[in-house]
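Notes for the structure review
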Amino acid sequence: KAVEILLDMERRSRAGDSDVRPNLLTFNTVLNVLSKLQSKAAALKAEELLLKMTTLSKADKKYLDIKPDLLSFTCVIQAWSDVKIEGAAARAEAILRQLEKAKNSIAFIPDVIVYNKVLVSWARCSNGTRADALLREMKNSVSVEPDAFSYKTVLLAWSQQEGGAKKAASILQLMEKKYRSGDTSMKPDQLCRKAVATALEKDACTIK
């Protein structure tokens, strides 16, 4: 319904009714709605709207007021991260890469929340390899630093990936080390410990 209203506003605007021309707030409101629907169709529509915002704002100065901002990209990443289908995590990371290329001011620099959404997406499809690669990227970044949720998410991704138990255990050990060094946020919870124990047991059975 929100998309239909937005499209109707666009049609009326093109017909000459300038009072209803959608602005950035309008687009972001619709993107936010789509990001909560947890469906492939909603994620595709969100990505389509993001592309429209980008294309129009580049093609004509009168559309500069709908140039996507950090919230626009975050909503689309959220839409993909909540869809557990093949290719969803790759789409979420692709949007992150677009955001990284678009950053021309402090307002466009992806924060840890955005990166964590992509990590969650990789964890949903049990891909510890890709999640770990993104975590390493965050650790080497000057603009974003992984938090406890980042490490926990990658740990869970490794614990679910076949043969990933040792990697999950190494992240658990790293979190414990950081916790003992004074970072109380890094204290591993029972979910982390159980995930590693279960993964180690599963991998041991596989080897046998």
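These notes cover the structure that comes with them. (Residues numbered from 1 in each chain as written. Predicted model: local features only at pLDDT ≥ 70, side-chain atom pairs only at ≥ 80, totals over all residues. Heavy atoms only, no water.)

This part covers helix H7 (residues 128-139). Taking 1.5 Å as the rise per residue, H7 with 12 residues should run 16 Å; its terminal C-alpha atoms sit 16 Å apart, in good agreement. If you check which residues of H7 are buried, you get Gly128, Ala131, Asp132, Leu134, Leu135 and Met138. One face of H7 carries all of its buried residues, which in axial projection span an arc of 160 degrees. Residues of H7 that are buried make contact with helix H5 (88-102), helix H6 (112-124), helix H8 (148-160) and helix H9 (165-180). Measuring from the side-chain oxygen of the N-cap residue of H7 to the backbone nitrogen of Thr129 gives 3.3 Å; that N-cap residue is Asn127. (Helix = DSSP H or I, 4+ residues; strand = E, 2+ residues; numbered from the N terminus. Expected span 1.5 Å × (residues − 1). Buried < 20%, exposed > 50% of the residue type's maximum accessible area, 1.4 Å probe, protein only. Arc of directions from axis to C-beta. Contact = heavy atoms within 4.5 Å. Polar contact = N/O pair within 3.5 Å; in protein donor to acceptor, adjacent residues only side chain to side chain.)

So, on to helix H3 (residues 40-59). The end-to-end C-alpha distance of H3, which contains 20 residues, comes to 28 Å, matching closely the 28 Å that a straight helix rising 1.5 Å per residue would cover. The set of residues buried in H3 consists of Ala42, Ala43, Ala46, Leu49, Leu50, Met53 and Ser57. Take H3 and look down its axis: the buried residues cluster within an arc of 125 degrees, on one side only. Across from the buried face of H3, at angles greater than 90 degrees, the exposed residues are Ala41, Leu51, Lys58 and Ala59.

With that out of the way, let us pick up the layout of surface pockets. Quantified by volume, the largest pocket comes out at close to 290 Å³. What lines the largest pocket is a set of 14 residues, and nearest its centre among them are Thr54, Lys58, Phe73, Gln98 and Ala102. Broken down by secondary-structure element, the contributors of at least two residues to the lining of the largest pocket are H3 and H5. A total of seven residues in the lining of the largest pocket trace back to one element, the largest contributor, which is H3. When the residues that make up the lining of the largest pocket are grouped by side-chain class, the tally is six nonpolar, four polar and four charged. (1 Å grid on protein atoms, 1.4 Å probe; cavity = no way out; pocket = protein on both sides within 12 Å on 5 of 7 lines; lining within 4 Å. Points joined across faces, edges and corners; volume = space filled by probe spheres on them. Nonpolar A, V, L, I, M, F, W, Y, C, P; charged D, E, K, R; others polar.)

Right, let's get into the packing of H3 against helix H4 (residues 70-81). When two helices pack together, their arrangement is captured by the angle between the axes and the distance separating the axes. The geometry of H3 relative to H4 is characterised by a closest axis approach of 8 Å and an angle of 155 degrees between their N-to-C directions. Considering the angle they form, H3 stands roughly antiparallel to H4. Judged by the sense of rotation from one axis to the other, the crossing of H3 with H4 is left-handed. Residues Lys40, Ala43, Leu44, Ala46, Glu47, Leu50 and Met53 of H3 form the contact with H4, whose own contacting residues are Ser72, Phe73, Val76, Ala79 and Trp80. A breakdown of the residues in the contact of H3 with H4 according to their chemical character gives nine nonpolar, one polar and two charged. (Axes fitted to C-alpha atoms, helices over the stretch in contact; angles between N-to-C directions. Parallel < 35°, antiparallel > 145°, perpendicular 65-115°, else oblique. Left-handed = near helix turned anticlockwise from the far one by under 90°.)

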